[in-house]
Amino acid sequence: MAKKAAKKQPSQSTAVEGEVPVVGAREACPCGSGRRYKACHGRQAAHAVQELVHRPFEGLPGEADWVALRELVPAATVPLALAAGVADGAVGDVPSVTLATVLPLAWPALRRPDGSILLGLQTQSSSGDLSRDLADALELALATEPGTPVPARRTNPGGRRLQELLDTSAAFEPEVHTGFEFWLEDAESATGEVAASLERANASAIPTEKLAGVDSAYWCGTPDKNHLRWVMTVPEEQLLDALARLSAAGDSSLGEGTKLVGSFRAHGLTVPVWDLPVEMTAAEVEKPAVEFAAKLAEVLAAPAPLTAEERRARANLVSRQVTLN
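Residues numbered from 1 in each chain as written. Predicted model: local features only at pLDDT ≥ 70, side-chain atom pairs only at ≥ 80, totals over all residues. Heavy atoms only, no water.

Taking an unreviewed UniProt entry as the reference, the protein chain is identified by name as DUF5926 family protein belonging to Kitasatospora saccharophila.

## Observations concerning the overall build of the protein chain
Of the regular secondary structure elements, the protein chain holds eight helices and 12 strands. Counting over 325 residues, the protein chain shows a buried share of 43%. Here the analysis covers contacts within the protein chain between residues at least 6 apart in sequence; of these, 61% occur between residues at least 24 apart. (Helix = DSSP H or I, 4+ residues; strand = E, 2+ residues; numbered from the N terminus. Buried < 20%, exposed > 50% of the residue type's maximum accessible area, 1.4 Å probe, protein only. Contact = heavy atoms within 4.5 Å.)

## So, the sheet that holds strand E3 (residues 109–111)
Spatial ordering of the open sheet is given by E5-E3-E4-E2-E1-E6, a layout of six strands whose pairing is mixed. A strand with exactly one partner marks an edge of an open sheet, and here the two such strands are strand E5 (148–150) and strand E6 (175–176). Both strand E2 (residues 97–100) and strand E4 (residues 117–120) contribute to a ladder of four bridges, which runs parallel. Looking at E4, one finds that Ala100 is bridged to Gly120. The strands touched by helix H3 (residues 130–142) within the sheet are E2, E3, E4 and E5, with E4 carrying the most contacts at an inclination of about 155 degrees. (Pairing = 2+ DSSP bridges. Axes fitted to C-alpha atoms, helices over the stretch in contact; angles between N-to-C directions.)

## Quick word on unusual backbone geometry
Its identity as a non-glycine residue notwithstanding, Leu105 has a phi of 60 degrees, on the positive side. Tracing the backbone through its elements, the reader meets Leu105 in the loop between E2 and E3. Of the residues examined, Leu105 reaches a relative accessible area of 75% and is grouped as exposed. Of note, the phi angle at His267 is positive, near 55 degrees, even though the residue is not glycine. Topologically, His267 is positioned in the loop between strand E10 (259–266) and strand E11 (269–276).

## Observations concerning the environment of Ser127
With respect to the element layout, Ser127 can be found in the loop between E4 and H3. For the pair formed by Ser127 and Pro157, sequence separation is 30 residues and the distance between their alpha carbons is 8.1 Å. Reaching out from Ser127, the side chain makes a polar contact with the backbone nitrogen of Asp129 at a distance of 3.0 Å. (Polar contact = N/O pair within 3.5 Å; in protein donor to acceptor, adjacent residues only side chain to side chain.)

## Examining the packing of helix H6 (residues 236–248) against helix H8 (residues 308–319)
In the contact formed by H6 and H8, the axes pass within 8 Å of each other and the chain directions differ by 120 degrees. One finds that H6 runs oblique with respect to H8. The way H6 lies across H8 gives a crossing that is right-handed. Contact residues: H6 offers Glu237, Leu240, Asp241, Leu243, Ala244, Arg245, Ser247 and Ala248, while H8 offers Glu309, Glu310, Ala313, Arg314, Leu317 and Val318. Split by residue class, the contact of H6 with H8 holds seven nonpolar, one polar and six charged. (Parallel < 35°, antiparallel > 145°, perpendicular 65-115°, else oblique. Left-handed = near helix turned anticlockwise from the far one by under 90°. Nonpolar A, V, L, I, M, F, W, Y, C, P; charged D, E, K, R; others polar.)

## Considerations on the packing of H6 against helix H7 (residues 282–301)
Where H6 meets H7, the axes come as close as 9 Å, and the angle between the chain directions of the two elements is 115 degrees. Taken together, the axes of H6 and H7 are roughly perpendicular relative to one another. The way H6 lies across H7 gives a crossing that is right-handed. Packed against H6, whose contacting residues are Gln238, Leu239, Ala242, Leu243, Arg245 and Leu246, the element H7 presents Phe292, Lys295, Leu296, Val299 and Leu300 at the interface. Residues of the contact of H6 with H7, tallied by class, amount to eight nonpolar, one polar and two charged.

## Some details on the side chain of Glu63
Locating Glu63 in the fold gives a position in helix H2 (residues 63–71). Given the relative accessible area of 9%, Glu63 is considered buried. Filtering out sequence-adjacent residues up to four positions away, Glu63 remains in contact with Arg55, Phe57, Glu58, Thr233 and Leu269.

## Side note on a negative patch on the surface
A surface patch of negative charge is lined by Asp114, Glu185, Asp186 and Glu188. You can see Glu188 is positioned in the loop between E6 and helix H5 (192–204). (Patch = residues over 30% accessible without salt bridge, like charges linked within 9 Å, V, L, I, M, F, W, Y side chains within 5 Å. Areas by Shrake-Rupley, 256 points an atom, 1.4 Å probe, with all protein chains shown as cover. Salt bridge = Lys/Arg side-chain N within 4 Å of Asp/Glu carboxyl O. Lys, Arg positive; Asp, Glu negative; His and termini not counted. Charge placed at Lys NZ, Arg CZ, Asp CG, Glu CD.)

## Overview of the pattern of salt bridges
According to the stated counting rule, one finds 11 salt bridges in the structure shown. Three or more residues are tied together by salt bridges with common partners; here these are Arg55, Glu58 and Glu63.

## Details of the pairing of E10
In this structure, E10 lies alongside E11, joined through seven bridges in antiparallel fashion. The residue of E11 that forms the bridge with Gly262 is Val273. Once E10 ends, the chain turns through two residues before running back antiparallel as E11, passing His267 with a positive phi of about 55 degrees. With three bridges joining them, E10 and strand E12 (residues 321–323) adopt parallel strand pairing. Directly across from Phe264, in E12, lies its bridge partner Val322.

Right, dumping it as structure tokens:
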């Protein structure tokens, strides 16, 4: 007897039209194919987010300070201004948006009970574009009920970037804190585990201060020696040439007992680092930093081929250069 022909089922691969939502890698793909997301549309999404953006904060005011707060500064906040229309459709009022170096449990963002938003900068990046990751967290915060932390999620590959969500004409003015009291609306009333967690976080923070006389330079204190870490937007090759010329001429220090010890790369920018005596305060390094900035500007304005001694100085700087990301 002939077998009854099986009824042909419609293809599930076309069950969902348009944009396929982003889900967990092991979840069923929303397109209806029956395969896991990572083996279906997730492949395209993973490829899209892997392209590395070397300068994710380029085009934002205070690019160098964005880098410093991401990589160097333990506790700081910055008021952010949203671009026109970005808050339209948000859940409830949004009285303010504040960038924070880090939030409790490394939350990407936090929606406070009054509707204000804290956006965490030192969070895990899920793509090659940190600006897009942060923008995704900000948009999720706008859609989150007040009084709720924003969970981490996979960044939408086609989502907007911070440069599209923020008012780029607004100033970027970091405020460096000695601790993480800014996590709480009333830190003085904290008790129990909340107070203990805050105390532990504060104890781990390296003392850090932002210099007032120059841009994007941060003093930090450690038990053995202090440091000045200065994020600069000068193109790396030009900056290294200039630093080499100053080093060869004996003009690269910031005073007695200080030394330019090298630099590192972070998010497309170069960060020269000086060792300072342990007794040298942030206030005491202000004047030497201003004087150094003037010398650096003068050398940058008059580029010239490096001498043999300057090439050796440059090679020494390059040999001690570290790439953070």
